[in-house]
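# Commentary on secondary and tertiary structure
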Amino acid sequence: MATNEAYSAPEAGGKVKISVDPLTRIEGHLKIEVTVENGKVVDAVSSGTMFRGFEQILIGRDPRDASQITQRICGVCPTAHATASTRALDDAFGVKDKITTNGRLARNLIFGSNYLQSHILHFYHLAALDYVKGPETAFFIPRYAKPDLRLPEDINKVAVDQYVKALTIRAQCHELVCMFGGKMPHVAGIVVGGATEVPTKEKLALYLAKFKDVEEFITKEYIPTVYLVGTVYKDLFSCGAGWKNCVSYGVFPMDDKNSKFLLKPGAYVDGKDVPLDTAEIKEYVKYSWYDPSCSNLHPSKGKTVIDLKKKGAYSFVKAPRYMGKPCEGGPLARMWVANPDLSPIGVKELKDKYGIKAKKFRDLGDLAWSIMGRHVARAEETYIVMNAVKDWLKEIKPGKETIVPAPVPASGEGMGLTEAPRGALLHYVNIKDSKIANYQAVPATIWNCSPRDDMDQMGPVEKCLIGVPVPDIKNPVNVGRLVRAFDP
Amino acid sequence: MSLKRRDFVKLCSGTVAGFGISQMFHPGLVKALEAATEPGRPPVVWMQGNGCTGCSVSILNSVNPSIADVVLKVISLESQETLSAAEGAVAVDHMLDIAERFKGKFYYISEGALPTAEDGRFCTIGVDSKGKEYTVLEMAKILGANAAACVAVGACATGGGIPGSKGNVTGCVPLHKYLESQGIKTPVINITGCPPHPDWMIGTLVHVLTKGIPELDAQNRPKMFFGKNIHDNCPFLPYFEKNIRQKNFNDKKTEACRADMGCKGPLTGADCFSRKWNNGTNWCVENAICIGCAEIDWPDAFSPLYSPVA
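The rules behind the values
- Residues numbered from 1 in each chain as written.
- Chains lettered and ligands numbered in written order.
- Predicted model: local features only at pLDDT ≥ 70, side-chain atom pairs only at ≥ 80, totals over all residues.
- Helix = DSSP H or I, 4+ residues; strand = E, 2+ residues; numbered from the N terminus.
- Buried ≥ 20, exposed ≤ 12 C-beta atoms within 10 Å, placed from the backbone.
- Pairing = 2+ DSSP bridges.
- Axes fitted to C-alpha atoms, helices over the stretch in contact; angles between N-to-C directions.
- Contact = placed C-beta atoms within 7 Å.
- Core = buried A, V, L, I, M, F, W, Y, C linked by C-beta atoms within 7 Å.
- Domains from an automatic or database assignment.
- Nonpolar A, V, L, I, M, F, W, Y, C, P; charged D, E, K, R; others polar.

### Looking at the environment of D232 of chain B
With respect to the element layout, D232 of chain B can be found in the loop between α10 (223–226) and α11 (237–241). Between the C-alpha atom of D232 of chain B and that of L77 of chain B, which follows or precedes it by 155 residues, the distance is 38 Å.

Put into structure tokens, the structure is as follows:
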């Protein structure tokens, strides 16, 4: 039994500042500070507290190494970085229009199965302990003294059983990634020009056979459980709206021309749909530990110069903005932009358990822009990617070429856009004398967990925290719940 | 909930092929086996510095034993940032509490590199209930000094990895180098790999808990997992000897040696050739090439990754 001791005494006017550091059950190192007044968050600060410097480390290296090295930006979504990096290299090497159909499909199969792994891992092993009471043993304890865990005992037991089963299911998803990826985490099989391994009839049959358990778990356990947990925590559908802006670069190319994606590119800014224009992406560093010369730059002009002494700075995360606005990324963004049909499971659950008649994602309206709404978006997206994987398995041709020759150019420039499970991901490469002269990565969580920008606008998570109820400052459970809904 | 020793060993039979090699006992380890939060479940604190969480994700892929069995029946995983229910000061206080209460009796598993530049400012890991902020260096010092033994997992923690490679401004170093610099003599086992295979991590833990520190090579890696050279044991070795080579990834001739494509098998010691990856599904050489990620000086000594070994 433990509490989060608020170490700052209440200020005049009854405001209390509390810190959640580390914010656990995420990838990486994050510190969240909120100011609470009258039981609600009135100010928030999101701080990335770790820096490695991939952009500096890549300079001078063989460009082909980028897709291996940048995978190590993240061990949960290395396939996303492999995808963004090879798309940038495809562009710079002059082969992006030459990727074979089979190469595209092999990449989709490798990347797609890791989407399923990532989303299952997120709900059960990262988020669930905010809603489910684990066994009375490490690491499920210690927990907050008053953790606000509301599931009835019988449902809680089912949830715990699913948590344990999900460990196996997500490992099985990694077996699927490994089939054409070589190993996972950090695949060998996605390279510039395509994918290294040509599928065989036998391997495709094995992939499909192994897939059955995953499909069963997603449809019979994961998706229904998200909706069920939502009914018990209904209040979490009405907080965490934030700016209500989002951006998606599009993911899983469905044709060889990169003109059609499973989840389409686009942005939604100030209540309006806008087509994606990558020229509108800029990074700001006023509140980040970088030299001011790094601010207000398109990633193709991006710079990474550290300044730890900078006044006012509080994060290693830069602040990317689209059309000058903070935009969130992730399943909510992709589903909102694409507005696909909801799963049959979802349609039924919403009708039976929520009394909501919904057919398409946007029918959820304001409910989507919330803590729980982001979990629903992720579950619904999992259903779409799951079905797409089955289609790609049928479409890919055994024995057909998966790669095109891609010699290292003396010079070149390329941008690779994709969507990591947690949001918009961009890699930029500039090659001179056959070596990397500049490399910039703008990962998903940079968008979501960004600090304020040069215009003093809060980042998405900071804005979304405003108004979130924190009735008990010693047990500020909703802070973690809000942040984890983004899967940082 | 805990297991009898022979059931425990049986449970791990798939993992520890190669068990029964000579071992060294460290006095603190016997104590660790005796002292536990529950009988038979030694306390473990896992902390990540400048890493990517890949090692944590990889260990979740353990099949035999399942990771569920490991954390519920074998060890008491007191703190693990990716999985722990605790957050904030609750989490930090708990790490400090375990280090103090089980001084000399717990295991510290270290993931990620340690940034020594700028007094450790490139990674802070949390704030305790007294309001003190800890850099990863400060916490690594406390955990390292108080643990019975340390297990460094992954390229970053064993050799510096990518964060410690050429061009970095963070001064990232592996755990053993940092502890040496602080005069801390707690033994450190290095489990290399980017990431390590789950069997390498769990197999080493099992060996440590039941038989003590396994036989280690010059980089303090368990010989049972890293003692054999990939090239010498590669299924494509006969093709190498006949000079049948795959020229590039387009070359349809896949029943061939991958040396010309940059395969680093000749420089790498790891049992991927027999264990394979992800429950025996595939491995890097079959699928593409070996990039040498299990060697302690990866990646710089192996770069460019796709250029042939001289």
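### Describing the pairing of strand β12 (residues 319–322) of chain A
Residues and elements named next belong to chain A. Every second residue of β12 is oriented toward a common face, with A319 and R321 on one face and P320 and Y322 on the other, all of them buried. Taken together, the four bridges between strand β11 (residues 281–284) and β12 define a ladder with antiparallel strand orientation. Across the sheet, the residue bridging to K282 is R321, located in β12.

### Notes on the sheet that holds strand β13 (residues 412–420) of chain A
Residues and elements named next belong to chain A. Read from one edge to the other, the open sheet built from three strands follows the order β13-β14-β15, with strand pairing classed as antiparallel. Of all the strands in the sheet, the pair left with one neighbour each is β13 and β15 (435–442). For this sheet, the mean angle separating the axes of adjacent strands, direction not counted, is 15°. For β13 and strand β14 (residues 423–432), the ladder comprises nine bridges, and the chain directions are antiparallel.

### Here we look at the interface of chain B and chain A
Contacts between the two partners involve 73 residues from chain B and, on the opposite side, 66 residues from chain A. Among the elements that line the side of chain B that touches chain A, the one with the most residues is helix α5 (residues 88–101) of chain B, at six residues.

### Quick notes on the sheet that holds strand β2 (residues 30–37) of chain A
Residues and elements named next belong to chain A. Judged by pairing direction, the sheet is antiparallel, and its three strands sit side by side in the order β1-β2-β3 without closing on themselves. Of all strands in the sheet, those with a lone pairing partner are β1 (16–20) and β3 (40–48), marking the two edges. Strand after strand, the sheet turns through a mean of 20° between neighbouring axes, direction not considered.

### Let's talk about the nonpolar core
In this structure, V45 and V151 of chain B are the most contacted members of the largest nonpolar core, which totals 254 residues. At 13 residues, the largest contribution of residues to this core is made by helix α4 (residues 101–127) of chain A. Composition of this core by domain shows at least three residues from each of domain 1 (5–225) and domain 2 (228–310) of chain B. Leaving out residues up to four positions away in the same chain, V45 of chain B has contacts with E78, S79, M95, I98, A99, F106, Y108 and L143 of chain B.

### Notes on the domain arrangement of chain B
Residue and element names in this part refer to chain B. The domain boundaries assigned to chain B delineate domain 1 (5–225) and domain 2 (228–310). Taken residue by residue, the interface counts 16 residues in domain 1 and 14 residues in domain 2. When residues of the side of domain 1 that touches domain 2 are assigned to their parent elements, the largest contribution, three residues, is made by helix α7 (residues 154–159). Here the side of domain 1 that touches domain 2 is built from residues that sort into five nonpolar, nine polar and two charged.

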